[in-house]
Amino acid sequence: AQKVTQAQTEISVVEKEDVTLDCVYETRDTTYYLFWYKQPPSGELVFLIRRNSFDEQNEISGRYSWNFQKSTSSFNFTITASQVVDSAVYFCALSDPKTSYDKVIFGPGTSLSVIP
Amino acid sequence: NAGVTQTPKFQVLKTGQSMTLQCAQDMNHEYMSWYRQDPGMGLRLIHYSVGAGITDQGEVPNGYNVSRSTTEDFPLRLLSAAPSQTSVYFCASSLGTGGRQPQHFGDGTRLSIL
């Protein structure tokens, strides 16, 4: 069965520190999609990135970077030089052909607090 | 840009009451979905729709009904509210299926069942 694990329930860092949020997933398919979403304290959910399982290149977007490792079924998210505005709950999510990609499985989320 | 609009934002119900959570999107997205968010459990899919007239169940469909008569609207009905349905509900839409494309979320409805 599909499963997404975010073992870190809560993380606190001091501003300007780097922080990595872990995401481990389970799927029996070779083709699948992975996502990261951000939920700031205001409550809305914001899409951050989508990754196809065939694209194993790491991605960098400003202070954000993502490390996709198929061999360990992980899709980790790193924030460099964290800022207070990065404080949010971050969700990793997975979809695969088993459900025709119609159902997205979300992890439990990691709550990140960046302390000034 | 309105995006995905959910109403109401807050609601308190008594056990056994019924109500409908409204969701509308103005992006002409075919795929729409409803999630509930509970502490420590992330988002769980309740129902989804891949187009007008087509709906299907997600992970936690019991106690909820949906219909999709238009591309724009995807209401979620609680038939007989129970305290276990106290949660924050999010509606989302995407251009293609939600598992291939980024989903756009509404602001959520905070629902309390007494």
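Residues numbered from 1 in each chain as written. Chains lettered and ligands numbered in written order. Predicted model: local features only at pLDDT ≥ 70, side-chain atom pairs only at ≥ 80, totals over all residues. Heavy atoms only, no water.

The next thing to look at is the overall build of chain B. What chain B contains, in helices and strands, is zero helices and 11 strands. Order of helices (α) and strands (β) in chain B, N terminus to C terminus: β-β-β-β-β-β-β-β-β-β-β. At 13 Å, chain B has a C-alpha radius of gyration in line with the 13 Å of a compact globule built from 114 residues. The principal-axis extent of the C-alpha atoms belonging to chain B is close to 35 × 30 × 25 Å. Sequence separation of 24 or more characterises 53% of the internal contacts of chain B that already satisfy a separation of 6 or more. Accessible surface for chain B amounts to roughly 5,100 Å². Of this, 50% is attributable to carbon and sulfur atoms. (Helix = DSSP H or I, 4+ residues; strand = E, 2+ residues; numbered from the N terminus. Rg over C-alpha atoms; globule rule 2.2 N^0.38 Å. Contact = heavy atoms within 4.5 Å. Areas by Shrake-Rupley, 256 points an atom, 1.4 Å probe, with all protein chains shown as cover.)

Residues and elements named next belong to chain B. Of the two faces of strand E1 (residues 4-7), only the one carrying Val4 and Gln6 is buried; Thr5 and Thr7 on the other face are not. Pairing analysis gives four bridges linking E1 to strand E3 (residues 19-25), with the strands arranged antiparallel. Following the sheet pairing, Gln6 is matched in E3 by Cys23. (Buried < 20%, exposed > 50% of the residue type's maximum accessible area, 1.4 Å probe, protein only. Pairing = 2+ DSSP bridges.)

To continue, consider the pattern of salt bridges. Counting across every chain of the model gives six salt bridges over all chains. In this structure, the salt-bridge partner of A:Arg63 is A:Asp86, at a minimum N-O distance of 2.7 Å. Here A:Arg63 is found in the loop between strand E7 (59-61) and strand E8 (64-69), whereas its partner A:Asp86 is found in the loop between strand E9 (74-79) and strand E10 (88-95), with 23 residues between them in sequence. Across the pair B:Asp38 and B:Arg36 runs a salt bridge, and its minimum N-O distance is 2.8 Å. Each member of the pair B:Asp38 and B:Arg36 is classed as buried. In the salt-bridge network here, residues are joined through shared partners; they are A:Arg51, A:Asp55 and A:Glu59. (Salt bridge = Lys/Arg side-chain N within 4 Å of Asp/Glu carboxyl O.)

With that settled, consider the interface of chain A and chain B. Taken residue by residue, the interface counts 20 residues in chain A and 23 residues in chain B. Buried surface at the junction of chain A and chain B, summed over both partners, amounts to about 1,800 Å²; 55% is from carbon and sulfur atoms. Of all residues in chain A, A:Leu45, A:Asp102 and A:Phe106 give up the largest surface area on contact with chain B, accounting jointly for 31% of the area buried on that side. Our count for the contact surface shared by chain A and chain B stands at zero salt bridges. Inspection of the chain A/chain B interface yields seven residue pairs in polar contact (both at pLDDT 80 or more). Put simply, the parts of the chain that give the side of chain A that touches chain B at least two residues each are strand E5 (33-39), strand E6 (46-52), E10 and strand E11 (105-106) of chain A. A breakdown of the residues in the side of chain A that touches chain B according to their chemical character gives 11 nonpolar, five polar and four charged. (Buried area = accessible area lost by both parts, 1.4 Å probe. Polar contact = N/O pair within 3.5 Å; in protein donor to acceptor, adjacent residues only side chain to side chain. Nonpolar A, V, L, I, M, F, W, Y, C, P; charged D, E, K, R; others polar.)

A full pass over the atoms with the stated rule returns 20 aromatic pairs over all chains. Taking 6.5 Å as the distance between ring centres and 90 degrees as the angle between the ring planes, the aromatic pair formed by A:Tyr32 and A:Phe68 counts as edge-to-face. On the criterion of sequence distance, the pair formed by A:Tyr32 in the loop between strand E4 (24-26) and E5 and A:Phe68 in strand E8 is long-range, its members being 36 residues apart. Pair check on accessibility: A:Tyr32 and A:Phe68 agree, each one buried. Note on A:Trp36 and A:Phe77: the rings are 5.4 Å apart at their centroids and 50 degrees apart in plane angle, and the pair reads as tilted. In this pair, A:Trp36 sits in strand E5 while A:Phe77 sits in strand E9, placing the two residues 41 residues apart along the sequence. Using a relative accessible area of 0% as the deciding quantity, one classes A:Phe77 as buried. Through successive ring pairs, a cluster of aromatic residues spans A:Phe35, A:Tyr37, A:Phe47, A:Phe91, A:Phe106, B:Tyr35, B:Phe90 and B:Phe105. (Phe/Tyr/Trp six-rings, centres within 6.5 Å; stacked < 30°, edge-to-face > 60°.)

A few words now on the side chain of A:Thr110. All names here are of chain A. Position of Thr110 relative to the elements: it lies in strand E12 (residues 110-115). At a separation of 2.6 Å, a polar atom in the side chain of Thr110 contacts the main-chain carbonyl oxygen of Gln8. Ignoring sequence-local partners within four residues, the contact set of Thr110 consists of Gln6, Gln8, Thr9, Ile11, Leu21, Ala88, Val89 and Tyr90.

The next thing to look at is the sheet that holds strand E8 (residues 76-78) of chain B. Residue and element names in this part refer to chain B. Strand order in this open sheet of four strands is E1-E3-E8-E7, and the pairing throughout is antiparallel. Either end of the sheet is taken by a strand with one partner, and the two such strands are E1 and strand E7 (64-66). Ignoring strand direction, the axes of neighbouring strands in this sheet form an average angle of 20 degrees. (Axes fitted to C-alpha atoms, helices over the stretch in contact; angles between N-to-C directions.)

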